[in-house]
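Understanding the architecture of this molecule
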Amino acid sequence: MSIKVLGILAILIGIWQIAIAQKMYQDIKRHVKNPKINIFFGVTICLVIGVIFLMVGGSLLR
């Protein structure tokens with residue numbers, strides 16, 4: 001029972017992380033005139049962490 005709750009929680013965190021990365025990317029495109037490449041590395045890492053959480057959550061629900 002607790003493994004399934006952890007799986008659902010991990011999936012929710014992954015979805016939230018991907019949504020935050022998407023919002024960050026849109027805000028950077030809108031408000032920053034000359035963005036540095038480091039900013040996009042941060043967004044990419046945020047997306048990767050979100051995907052990892054989704055995969056871990058999916059494997060816990062199996």
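Figured I'd write up the structure that's included with this text.

Observations regarding a nonpolar patch on the surface
Residues I8, L12, I15, L54 and L61 make up a contiguous nonpolar surface patch of roughly 420 Å² in combined accessible area. Among the elements of the structure, α1 (2-31) and α2 (37-61) are those that each provide at least two residues to the nonpolar patch. The element best represented in the nonpolar patch is α1, accounting for 3 residues. With respect to the element layout, L61 can be found in helix α2. For L61, a relative accessible area of 32% corresponds to the partly exposed category.

Looking at the side chain of Q17
Looking at the secondary structure, you find Q17 in helix α1. Contacts of Q17, omitting those with residues within four sequence positions, involve C46, I49 and G50.

A short note on α1
Here α1 is 30 residues long and its end C-alpha atoms lie 43 Å apart, about the 44 Å a rise of 1.5 Å per residue gives. Those residues of α1 lying buried are G7, A10, G14, Q17, A21 and I28. Of the surrounding secondary structure, the elements contacted by the buried residues of α1 are α2.

Quick word on the pattern of salt bridges
Applying the stated rule across the entire model yields 2 salt bridges. Put simply, K23 and D27 hold a salt bridge, and the shortest N to O gap is 3.0 Å. Of the two residues, K23 and D27 are both situated in helix α1; the distance of 4 residues between them amounts to about one turn of the helix. Of the residues examined, D27 reaches a relative accessible area of 25% and is grouped as partly exposed. The shortest N-O distance in the salt bridge between D27 and R30 comes to 3.6 Å. Of the two residues, D27 and R30 both sit in helix α1, 3 residues apart, roughly one turn of that helix.

Thresholds applied
Residues numbered from 1 in each chain as written. Predicted model: local features only at pLDDT ≥ 70, side-chain atom pairs only at ≥ 80, totals over all residues. Heavy atoms only, no water. Patch = residues over 30% accessible without salt bridge, like charges linked within 9 Å, V, L, I, M, F, W, Y side chains within 5 Å. Areas by Shrake-Rupley, 256 points an atom, 1.4 Å probe, with all protein chains shown as cover. Salt bridge = Lys/Arg side-chain N within 4 Å of Asp/Glu carboxyl O. Helix = DSSP H or I, 4+ residues; strand = E, 2+ residues; numbered from the N terminus. Buried < 20%, exposed > 50% of the residue type's maximum accessible area, 1.4 Å probe, protein only. Contact = heavy atoms within 4.5 Å. Expected span 1.5 Å × (residues − 1).

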